[in-house]
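Geometric and topological summary
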Amino acid sequence: MTGEHLQVVHGDITRLAVDAIVNAANSGLLGGGGVDGAIHGAGGPAIMTACRAIRDAQGGCPTGEAVITTGGLLPAPYVIHAVGPVWRGGGEDEDALLANAYRNSIRLAAEHKLRTVAFPNISTGIYGFPRERAVDIAIGAVREAMAKAPSIEQVTFVCFDDENYRLYRQRLS
Ligand code: AR6
């Protein structure tokens, strides 16, 4: 399903052959559960080696920011590790931090001359961000960032759960 250069698909992000898939990482960059576990599992140890090197050089990745590594064995040559906020009720700048995670991922992709990027629904799993609130922030931030990064040709939102898939389809139809 397409709207402008945005599309939504239902499924597993580790299978997508785009220039970069985005990981919903944490500040420590040393892996975890959810999509992070799936990406490291499917991509193999080269991704963790690259994350450790970044951690050693810059001490992790603050919330709202993103770093880029190889995609290892994945079909996508790059992984952009973005750190979304933990939902704490909405009074701790969660909305802005979530928007930053999307914007900084697009910016990083553009800096690396990548053209196609796929996002999971950052923060809406283990981090507990309300899905309905997150969908509008995600689409708004990506549209805004794409306007400043004309080299990005297509962004795919990859929804793993039915609820997110329904919400994204509704917003992008
Ligand atoms: N492909 C696409 N989306 C997926 C996949 C997959 N293979 N697996 C899960 N999702 P989460 P967060 C969806 O929990 O909330 C980790 O431990 C899932 O349905 O992966 O940002 C990290 O290390 C949900 O919609 O990430 C952090 O510590 C979305 O991905 C923490 O979890 C995000 O869920 C980050 O929590």
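This section reports on the structure supplied with the text. (Residues numbered from 1 in each chain as written. Predicted model: local features only at pLDDT ≥ 70, side-chain atom pairs only at ≥ 80, totals over all residues. Heavy atoms only, no water.)

We now examine the site of the ligand. Taken together, 22 residues form the shell around the ligand, and within it Asn26, Gly33, Val35, Asp36 and Ile126 come nearest. At a separation of 2.9 Å, a nitrogen atom of the ligand approaches a polar side-chain atom of Asp12. Within the side chain of Thr124, an N or O atom sits 3.0 Å from an oxygen atom of the ligand. Protein burial of the ligand: of its 700 Å² of free accessible surface, 91% is covered by the chains. One can see that the ligand is located within the largest pocket. Tallying contributions element by element places helix 1 (residues 34-43) first for the shell around the ligand, with 4 residues. Taken together, the residues that form the shell around the ligand break down as 8 nonpolar, 11 polar and 3 charged. (Near = heavy atom within 4 Å. Polar contact = N/O pair within 3.5 Å; in protein donor to acceptor, adjacent residues only side chain to side chain. Areas by Shrake-Rupley, 256 points an atom, 1.4 Å probe, with all protein chains shown as cover. 1 Å grid on protein atoms, 1.4 Å probe; cavity = no way out; pocket = protein on both sides within 12 Å on 5 of 7 lines; lining within 4 Å. Sits in = over half its atoms within 2 Å of the grid points. Helix = DSSP H or I, 4+ residues; strand = E, 2+ residues; numbered from the N terminus. Nonpolar A, V, L, I, M, F, W, Y, C, P; charged D, E, K, R; others polar.)

Before going further, it helps to spend a moment on the nonpolar core. In terms of nonpolar packing, the biggest core is built from 37 residues, with Tyr102, Phe119, Val142, Val155, Phe157 and Tyr168 touching the most fellow members. The element that contributes the greatest number of residues to this core is helix 4 (residues 131-147), accounting for 9 residues. Beyond its immediate chain neighbours, meaning those up to four positions away, Val155 contacts His5, Leu6, Gln7, Ile106, Val117, Phe119, Val142 and Met146. Counting 19 residues, the second largest nonpolar core, distinct from the first, contains Leu29, Cys51, Cys61 and Val158. (Core = buried A, V, L, I, M, F, W, Y, C linked by side-chain atoms within 4.5 Å. Buried < 20%, exposed > 50% of the residue type's maximum accessible area, 1.4 Å probe, protein only. Contact = heavy atoms within 4.5 Å.)

The next thing to look at is unusual backbone geometry. The backbone of Leu29 shows a phi angle near 65°, a positive value even though the residue is not glycine. A residue is classified by how much of its surface remains accessible, and Leu29, at 2% relative accessible area, is buried.

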